[in-house]
Amino acid sequence: MKLQVTDRCTGCGTCISNCHGHCLSMVDGRAVIDQSHCLSCGSCMTACRVEAILEEGDVYRRPAHDPIVLD
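Every value quoted in this text rests on a predicted model; they were computed, and no experiment measured them.

Topic: the nonpolar core
- Ranked by internal contacts, the top residues of the largest apolar core, which has 14 residues, are Val5, Leu24, Ile33 and Ile53.
- Contact partners of Leu24, with chain neighbours within four places excluded, come to Val5, Cys15, Ile16, Cys19, Ala31, Val32, Ile33 and Cys44.

Pasting the structure below:
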């Protein structure tokens, strides 16, 4: 399983502090995975509150936020 950080990343750092392989770092306000050290354990993916980390090739199952309705 190869993981990727998507554009949903808010730069909160939760994934970095939960990474067992110490392969995540922050670059330009966004998490980046060093694939050469990634254990593919999924702990970062589970910790991410905005679902910004997915398996490569995966797509979102739900929107990033509730629909905004304007009156």
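Side note on the pattern of salt bridges
- All told, the structure shown has one salt bridge when counted by the stated rule.
- Glu56 serves as the salt-bridge partner of Lys2, at 4.0 Å between the closest nitrogen and oxygen. One end of the pair, Lys2, is in the segment before strand S1 (3–5); the other, Glu56, is in the segment after strand S4 (53–55), and 54 residues separate them in sequence.

Thoughts on empty space enclosed by the protein
- Applying the stated criterion to the full structure yields two cavities of 30 Å³ or more.
- Taken as a whole, the largest cavity encloses approximately 60 Å³ of empty space.
- Lining the largest cavity, in full, are Val5, Cys9, Thr10, Gly11, Cys12, Cys15, Ala31, Cys48, Val50, Ala52 and Ile53.
- When grouped by side-chain class, the residues that make up the lining of the largest cavity number nine nonpolar, two polar and no charged.
- Of the voids in this model, the second largest cavity is the one considered here, and its volume is about 50 Å³.
- In terms of lining residues, the second largest cavity is bounded by Leu3, Cys19, His20, Gly21, Cys23, Cys38, Leu39, Ser40, Cys41, Gly42, Ser43 and Cys44.
- Broken down by class, the residue content of the lining of the second largest cavity amounts to seven nonpolar, five polar and no charged.

Reading guide: rules and limits
The residue numbers shown here count from 1 along each chain, following its written sequence. Given that this is a predicted model, residues contribute local features only at a pLDDT of at least 70 and side-chain atom pairs are listed and counted only at 80 or more, while totals for whole chains, interfaces and linings are drawn from all residues. The side-chain numbers reported here are obtained from all heavy atoms of the structure, hydrogens and water having been left aside. What we call a nonpolar core is a set of buried Ala, Val, Leu, Ile, Met, Phe, Trp, Tyr and Cys residues that are connected through their side-chain atoms within 4.5 Å. With a 1.4 Å probe rolled over the protein chains alone, any residue whose accessible area is under 20% of its type maximum counts as buried; one over 50% counts as exposed, and the rest are partly exposed. Contact between two residues is taken to exist if any of their heavy atoms lie within 4.5 Å; hydrogens are not considered. Each reported salt bridge corresponds to a side-chain nitrogen of Lys or Arg within 4 Å of a carboxyl oxygen of Asp or Glu. By the criteria applied, helices consist of DSSP H or I runs no shorter than four residues and strands consist of E runs no shorter than two, each listed in order from the N terminus. Of the two site types, the cavity is a set of points on a 1 Å grid over the protein atoms alone where a 1.4 Å probe fits but cannot get out, and the pocket is an open set with protein on both sides within 12 Å along at least five of seven lines, each lined by residues with an atom within 4 Å of a point. Grid points are joined across faces, edges and corners, and a volume is the space filled by probe spheres set on the points. Residues are grouped as follows: nonpolar covers Ala, Val, Leu, Ile, Met, Phe, Trp, Tyr, Cys and Pro; charged covers Asp, Glu, Lys and Arg; every other residue, Gly included, is treated as polar.

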